[in-house]
Amino acid sequence: LQGEVGGFPARLQGYVELLDGVLVSRSDLRAELNGARLQLLAEDREHTPAPAQFELQVDDLGLWPGGVRGSLQLSAELSAGNERLSWRGGAENLAYGASTAGRVSLEGEYELDDSAPSQLRVAVEELGWVDWLVNSLHLHVSGDRREQQIELRISGDLAEGLTLRGGDAGQCWRGQLLSGSL
């Protein structure tokens, strides 16, 4: 298929085969929209669930409405039984208004089993806003449904380190600051 979506040039080719309406059995789907490229791949497992790989590449975010500039890349994998989603990605030379970021990287893993731990790591280099500059910002979030931990480290015009641990306390979340420095 080739044409336009929302006034943007678009192209779609390939297929996706699902089992029970949600599990990917096989796929080779490729799409392009306004310079962004998307792929969904899963090897043929003869009517059994297969891990699905997702790739997104946007070389020029400036082609999209919203005023954001830079580039973006994201890859993800969904396990064969949809019980785990892992992802990795990044962005470079981001700018929006007076805010800039030289490089952003992220990776994570989300377990759909409530008792299994999940995690997210984000690193930002050269983060700027007006006259304020952060050389690096690192965020690590980990935990499961019952207990979570958040660590934040910042260096630059503001140097800070915080560690927060908490968890489910009935109808609310309750946490404790384990360490912090300004």
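Our subject is the structure that appears above.
Residues numbered from 1 in each chain as written. Predicted model: local features only at pLDDT ≥ 70, side-chain atom pairs only at ≥ 80, totals over all residues. Heavy atoms only, no water.

1. A short note on a nonpolar patch on the surface
Phase 1 of the analysis: A surface patch of nonpolar side chains, about 270 Å² in accessible area, is lined by Leu85, Tyr110 and Leu112.
Phase 2 of the analysis: Structurally, leucine 112 can be placed in the loop between β8 (99-111) and β9 (118-129). (Patch = residues over 30% accessible without salt bridge, like charges linked within 9 Å, V, L, I, M, F, W, Y side chains within 5 Å. Areas by Shrake-Rupley, 256 points an atom, 1.4 Å probe, with all protein chains shown as cover. Salt bridge = Lys/Arg side-chain N within 4 Å of Asp/Glu carboxyl O. Helix = DSSP H or I, 4+ residues; strand = E, 2+ residues; numbered from the N terminus.)

2. Quick word on the pattern of salt bridges
Where charged atoms of side chains with opposite charge meet at close range, the side chains can pair.
Phase 1 of the analysis: As enumerated under the stated definition, the model contains eight salt bridges in all.
Phase 2 of the analysis: In this structure, the salt-bridge partner of glutamate 17 is arginine 26, at a minimum N-O distance of 3.0 Å.
Phase 3 of the analysis: Two residues, arginine 103 and glutamate 92, come together in a salt bridge whose shortest N-O distance is 3.7 Å. You can see arginine 103 sitting in strand β8 and its partner glutamate 92 sitting in strand β7 (residues 84-96), a full eleven residues away along the chain.
Phase 4 of the analysis: Overall, the relative accessible area of 42% leaves arginine 103 in the partly exposed class. (Buried < 20%, exposed > 50% of the residue type's maximum accessible area, 1.4 Å probe, protein only.)

3. Thoughts on the pairing of β7
Phase 1 of the analysis: Relative to β7, strand β6 (residues 69-78) runs antiparallel, the two sharing nine bridges. Paired with leucine 72 across the two strands is alanine 91, which belongs to β7.
Phase 2 of the analysis: The hairpin turn running from β6 into β7, its antiparallel successor, is five residues long, and asparagine 82 in that turn takes a positive phi close to 60 degrees.
Phase 3 of the analysis: Where β7 lies against β8, twelve bridges are found, and the strand directions are antiparallel. The residue bridging alanine 95 from the neighbouring strand is threonine 100, located in β8.
Phase 4 of the analysis: Connecting β7 to the antiparallel partner β8 that follows it, the hairpin turn spans two residues, and glycine 97 within it adopts a positive phi of roughly 60 degrees. (Pairing = 2+ DSSP bridges.)

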